[in-house]
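A closer look at the structure
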Amino acid sequence: MAERTVLGICGSLRRGSYNAALLDLVEEVSGGVRVVGADLAGRLPLFDPDMENDETAWPEEVREFRACAAEAEGVVIATPEYAHGPAGITKNALDWLVGSGGLMGRPTLLASASPGQAGGMRAHTPLMPTLTLLGAILVDCAVVSRAGTRTDASGRFTEPAVVGRVRLAVGELEEALGHAAHKRAPGVL
Ligand SMILES: Cc1cc2nc3c(=O)[nH]c(=O)nc-3n(C[C@H](O)[C@H](O)[C@H](O)COP(=O)(O)O)c2cc1C
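Residues numbered from 1 in each chain as written. Predicted model: local features only at pLDDT ≥ 70, side-chain atom pairs only at ≥ 80, totals over all residues. Heavy atoms only, no water.

Some remarks on the pairing of strand E3 (residues 74-78)
Along E3, 5 of the 5 residues are buried, which leaves the element largely enclosed by surrounding structure. The side-chain alternation of E3 yields two buried faces, one formed by Gly 74, Val 76 and Ala 78 and the other by Val 75 and Ile 77. Where strand E1 (residues 4-10) meets E3, 5 bridges bridge the pair, whose relative direction is parallel. By the bridge assignment, Leu 7 is partnered in E3 with Val 75. Sheet analysis places E3 next to strand E6 (residues 107-113), joined by 4 bridges and oriented parallel. (Buried < 20%, exposed > 50% of the residue type's maximum accessible area, 1.4 Å probe, protein only. Helix = DSSP H or I, 4+ residues; strand = E, 2+ residues; numbered from the N terminus. Pairing = 2+ DSSP bridges.)

This is the structure in structure tokens:
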């Protein structure tokens, strides 16, 4: 299968992050998906319209992140849930893409992992209007609960149920990537 490039957005800065491990798993189970820019979301400055309007003021991370988004055919977001909402890093990264139309028509997989029973799923709902505005095409939501019991000693997700569920989600993403080019359209008219 041809290699497909997708933008990775990891909403966690934590060492040993379960959400970072989810992004690694996406590459592992895919038939050739390359996740780019996954470490950038956590290094972006807080979104500032004044900075956005003055490209000369952009730090390198903003340039790289926008370039990755422009190059990517799809998107994988892996976000922690903090206080029943998405991590600020995740929303901040999406805010940096509003001005560039960066997710228009991009098949998008939304994922979360948490030690809790809900697996971080309450982070998903508040992101839906933002993803719609950005023109992302949501292909699946993957949620991993009790994350600490499902990783090996090196922090990788190895439990067959998790690997199988993520493989299913990535299969949906890869299928959507195959015909997404014909579907570029704004989410809000
Ligand atoms: C301040 C704070 C708030 C949190 N709030 C929630 C929450 O509302 N729901 C939940 O399931 N987990 C919550 N958690 C637990 C995180 O989901 C957990 O730390 C998770 O592992 C973070 O993702 P990461 O492993 O990718 O860093 C919270 C953690 C912190 C530090």
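Quick look at the site of the ligand
Residues in contact with the ligand amount to 13 residues; listed here are only the nearest, Ser 12, Arg 14, Ser 17, Asn 19 and Glu 81. In this structure, an oxygen atom belonging to the ligand sits 2.7 Å away from a side-chain N or O atom of Arg 14. Residue Ser 114 places a side-chain N or O atom 3.1 Å away from an oxygen atom belonging to the ligand. Out of a free accessible area of 620 Å², the ligand has 66% covered by protein chains. At the level of elements, helix H1 (18-29) and strand E4 (81-82) are the ones that each hand at least two residues to the shell around the ligand. (Near = heavy atom within 4 Å. Polar contact = N/O pair within 3.5 Å; in protein donor to acceptor, adjacent residues only side chain to side chain. Areas by Shrake-Rupley, 256 points an atom, 1.4 Å probe, with all protein chains shown as cover.)

Details of helix H4 (residues 88-98)
In terms of residue burial, H4 counts as a mostly covered element, since 8 of its 11 residues are buried. Where H4 is concerned, the buried positions are Ile 89, Thr 90, Asn 92, Ala 93, Leu 94, Asp 95, Trp 96 and Leu 97. Where H4 is buried, its residues contact E1, helix H2 (49-53), helix H3 (60-71), E3 and helix H5 (128-133). (Contact = heavy atoms within 4.5 Å.)

Regarding the packing of H1 against helix H6 (residues 160-179)
Two numbers describe how H1 lies on H6: the axes approach to 9 Å, and their chain directions differ by 70°. Judged on the interaxial angle alone, H6 and H1 are roughly perpendicular. The handedness of the crossing between H1 and H6 comes out as right-handed. Seen from H1, the contacting residues are Leu 22, Leu 25, Val 26 and Val 29; seen from H6, they are Val 162, Val 163, Val 166, Arg 167 and Val 170. Residue composition of the contact of H1 with H6, by class: 8 nonpolar, no polar and 1 charged. (Axes fitted to C-alpha atoms, helices over the stretch in contact; angles between N-to-C directions. Parallel < 35°, antiparallel > 145°, perpendicular 65-115°, else oblique. Left-handed = near helix turned anticlockwise from the far one by under 90°. Nonpolar A, V, L, I, M, F, W, Y, C, P; charged D, E, K, R; others polar.)

Section: the pattern of salt bridges
For the coordinates displayed, the defined rule picks out 12 salt bridges. A salt bridge links Glu 71 to Arg 34; the nearest nitrogen and oxygen atoms lie 3.3 Å apart. Of this pair, Glu 71 sits in helix H3 while Arg 34 sits in strand E2 (residues 33-36), and the two are 37 residues apart along the sequence. Among the salt bridges present, the one from Asp 95 reaches Lys 91, with a minimum N-O distance of 2.7 Å. Remark: Lys 91 and Asp 95 occur in helix H4; sequence separation between them is 4 residues, near one turn of the helix. (Salt bridge = Lys/Arg side-chain N within 4 Å of Asp/Glu carboxyl O.)

Structural notes on the packing of aromatic side chains
Within this structure, the stated rule accounts for 2 aromatic pairs. Centroid distance Tyr 18 to Phe 157: 6.3 Å. Interplanar angle 45°. Geometry classified as tilted. In this pair, Tyr 18 sits in helix H1 while Phe 157 sits in the loop between strand E7 (137-144) and H6, placing the two residues 139 residues apart along the sequence. Relative accessible area serves as the criterion here: at 3%, Phe 157 is assigned to the buried category. With a centroid separation of 4.9 Å and 85° between ring planes, the pair formed by Phe 47 and Trp 96 is classed as edge-to-face. Here the residue Phe 47 occupies a position in the loop between E2 and H2, and Trp 96 occupies one in helix H4, the gap between them amounting to 49 residues. (Phe/Tyr/Trp six-rings, centres within 6.5 Å; stacked < 30°, edge-to-face > 60°.)

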